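# Observations on chain architecture
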Amino acid sequence: MGLLGCAAPKAPGPLQLVGDRWELVAITSMDDAQPPWKPADSSRYWIEFGSDGRLLLKMDCNNGRSSWQSEPAPDANPARRAGSLQLGALVTTRVACPPGSLEPKLTALLPFVRSYVIENGQLHLSLMADGGVLSWKPVAPSAPVR
């Protein structure tokens, strides 16, 4: 008698841009005098890279979309992924968010993203001219996709 349908569960793959949803952890300036900006509720700020080159965003009370292109960098470290990253024009809803929202800052900084690094379970988007870093954590697999 043969075995039918016996397969080991698939182990989760490495974190990647496409297919993972990322929640904002911090916006860090390269100015040491400026402390990082951290969202009160990271689930209100997320980014999702589609395999079709579309980027979906949730920025507090606004939704956004853009396009994206990336060129992976050759890297000998298997625990790290990196590359260039260009975002297209950002289109968003224009709801006035409450005071303290990071939406205006995030909307202003996203056009200046130039590269990414996925390391130690986080995605870091670097801004041009050492302008800062947007750090993101992956959403747990059990979380709803949309």
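## Comments concerning the overall build of the protein
- A tally of helices and strands in the protein yields 1 helix and 9 strands.
- Listing the helices and strands of the protein from first to last along the sequence gives β-β-β-β-β-β-α-β-β-β.
- When each of the 146 residues of the protein is scored for burial, the buried share is 34%.
- Of all intrachain contacts in the protein linking residues separated by at least 6 positions in sequence, the fraction that spans at least 24 positions is 56%.

## So, empty space enclosed by the protein
- Under the counting rule described, the total for this entry stands at 1 cavity of 30 Å³ or more.
- Considered as a void within the structure, the largest cavity measures approximately 30 Å³ in volume.
- Forming the boundary of the largest cavity are Ser66, Leu87, Gly88, Leu90, Leu110 and Pro111.
- Classifying every residue of the lining of the largest cavity gives 4 nonpolar, 2 polar and no charged.

## Re the pairing of strand S1 (residues 21–28)
- The element S1 is largely enclosed, with a buried count of 6 among its 8 residues.
- Summarising the sheet, S1 and strand S2 (residues 45–49) pair through 3 bridges and their orientation is antiparallel. Looking across to S2, one finds that Trp22 is bridged to Ile47.
- Taken together, the 6 bridges between S1 and strand S9 (residues 133–138) define a ladder with antiparallel strand orientation. The residue bridging Thr28 from the neighbouring strand is Val133, located in S9.

## Focus: the confidence of the model for the protein
- On average, residues of the protein score 86 in pLDDT, and 85% of them are at 70 or above.
- The secondary-structure element of the protein with the lowest mean pLDDT is strand S5 (residues 80–87), recorded at 93, while S9 shows the highest, at 97.
- Confidence drops under pLDDT 50 across residues 1–13; counting only partners more than four residues distant or on other chains, this segment forms 0 contacts.
- Considering only residues more than four positions removed or in separate chains, one finds that residues 142–146, a stretch of pLDDT under 50, has 6 contacts.

## Section: the packing of aromatic side chains
- Overall, the coordinates contain 1 aromatic pair when judged by the stated rule.
- Each ring, one from Phe49 and one from Trp68, has its centre 5.2 Å from the other, and the planes form 80°; the classification is edge-to-face. Linking Phe49 in strand S2 with Trp68 in strand S4 (residues 62–72), this pair joins segments that are 19 residues apart in sequence.
- For Trp68, a relative accessible area of 13% puts it in the buried group.
- Between the NZ or CZ atom of Arg21 and the centre of the ring of Trp46, over which it lies, the distance is 3.5 Å.
- Above the ring of Trp37, the side-chain terminus of Lys105 is found at 3.9 Å from the ring centroid.

What counts and what doesn't
Residue numbers restart at each chain and count upward from 1, following the sequence in its written direction. At least 70 in pLDDT is required for a residue's local features to be given in this predicted model, at least 80 for side-chain atom pairs to be given and counted, and no such filter applies to totals for whole chains, interfaces and linings, which use all residues. Excluded from the side-chain calculations are hydrogens and water; all other atoms, namely the structure's heavy atoms, are used. Only DSSP runs of H or I covering at least 4 residues are called helices, and only runs of E covering at least 2 are called strands; the numbering of each starts at the N terminus. Note on exposure labels: buried denotes an accessible area under 20% of the residue type's maximum, exposed denotes more than 50%, and partly exposed covers the range between, all computed with a 1.4 Å probe on protein chains only. Contacts: residue pairs with any heavy atoms within 4.5 Å of one another. Any residue with an atom within 4 Å of a point lines the site, the site being either a cavity, points on a 1 Å grid over the protein atoms alone where a 1.4 Å probe fits but cannot get out, or a pocket, an open set with protein on both sides within 12 Å along at least 5 of 7 lines. Grid points are joined across faces, edges and corners, and a volume is the space filled by probe spheres set on the points. Any residue outside Ala, Val, Leu, Ile, Met, Phe, Trp, Tyr, Cys, Pro, Asp, Glu, Lys and Arg is labelled polar, Gly included; the first ten of those are nonpolar and the last four are charged. Only strands that DSSP links by at least two bridges are regarded as paired with each other. pLDDT expresses how confident the predictor is about each individual residue, on a scale running from 0 to 100. Each Phe, Tyr or Trp ring, with Trp reduced to its six-membered ring, pairs with another whose centre is within 6.5 Å; inter-plane angles below 30 degrees give stacked pairs, above 60 give edge-to-face pairs, and intermediate values give tilted ones. Charges are assigned to positions over rings by a cutoff of 6 Å between ring centre and Lys NZ or Arg CZ, combined with an angular limit of 35 degrees from the ring normal.

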